[in-house]
Amino acid sequence: MITQKTKYALKALMALGAADKGAALTIEDVANRSGAPKRFLEHILLDMRRAGYVGAKRGRAGGYFLIRDPDKISLGEMLRQIDGPIAPLPCLSRRAYRKCDDCEDEASCQLRRVFADVFYSYLLLIESLTLADLLKTPGIAEG
């Protein structure tokens, strides 16, 4: 399950991705277009800026804008950026692997085997989807 923070971040990125190319949106604009509360967006957009997804412009025509193409931002990458590892078990994570505390033998672990099949199917799908795919969905991020 994705967190509320992740939902707000994705909706904010969708609002920025749906804006005219090169246009900067204020936090108020992003909040209105995404439905995310302004107080959360300030932190989320700063995190997204540090991660290299969003740029910021100061001044009267200032605001936030995407600095990466929506088709180059994978949903899997975004989920990890915001919430950390997405594997259901720590022993299945490629980037944050750690042995389960109660596991004697990973090779014979039935939980690992079952969740691995499900997780890898999910991973293939989520890594193939991008922010551009979210923007193709009618009614999302319209402002």
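Residues numbered from 1 in each chain as written. Predicted model: local features only at pLDDT ≥ 70, side-chain atom pairs only at ≥ 80, totals over all residues. Heavy atoms only, no water.

Visitor: Can you help me understand the packing of aromatic side chains in this one?
Guide: The full count for this structure, using the stated rule, is 2 aromatic pairs. For the pair Phe 119 and Tyr 120, a centre-to-centre distance of 5.5 Å together with 45 degrees between the ring planes defines the contact as tilted. Overall, Tyr 120 belongs to the partly exposed group, its relative accessible area being 36%. We note Lys 57 situated over the ring of Phe 65; from NZ or CZ to the ring centre the distance is 5.9 Å. (Phe/Tyr/Trp six-rings, centres within 6.5 Å; stacked < 30°, edge-to-face > 60°. Buried < 20%, exposed > 50% of the residue type's maximum accessible area, 1.4 Å probe, protein only. Lys NZ or Arg CZ within 6 Å of the ring centre and 35° of its normal.)

Visitor: I'm lost on the packing of helix H1 (residues 4-18) against helix H4 (residues 75-83) in this one. Help?
Guide: Axes are the key here: two packed helices are described by the angle between their axes and the distance separating the axes. The contact between H1 and H4 brings their axes to 10 Å, and the two run at 130 degrees. By the angle class used here, H1 and H4 are oblique. For the element pair H1 and H4, the recorded crossing hand is right-handed. Contacts from Lys 5, Thr 6, Ala 9, Leu 10 and Leu 13 of H1 reach H4 at Leu 75, Met 78, Leu 79, Ile 82 and Asp 83. Grouping the amino acids of the contact of H1 with H4 by side-chain chemistry returns 7 nonpolar, 1 polar and 2 charged. (Axes fitted to C-alpha atoms, helices over the stretch in contact; angles between N-to-C directions. Helix = DSSP H or I, 4+ residues; strand = E, 2+ residues; numbered from the N terminus. Parallel < 35°, antiparallel > 145°, perpendicular 65-115°, else oblique. Left-handed = near helix turned anticlockwise from the far one by under 90°. Contact = heavy atoms within 4.5 Å. Nonpolar A, V, L, I, M, F, W, Y, C, P; charged D, E, K, R; others polar.)

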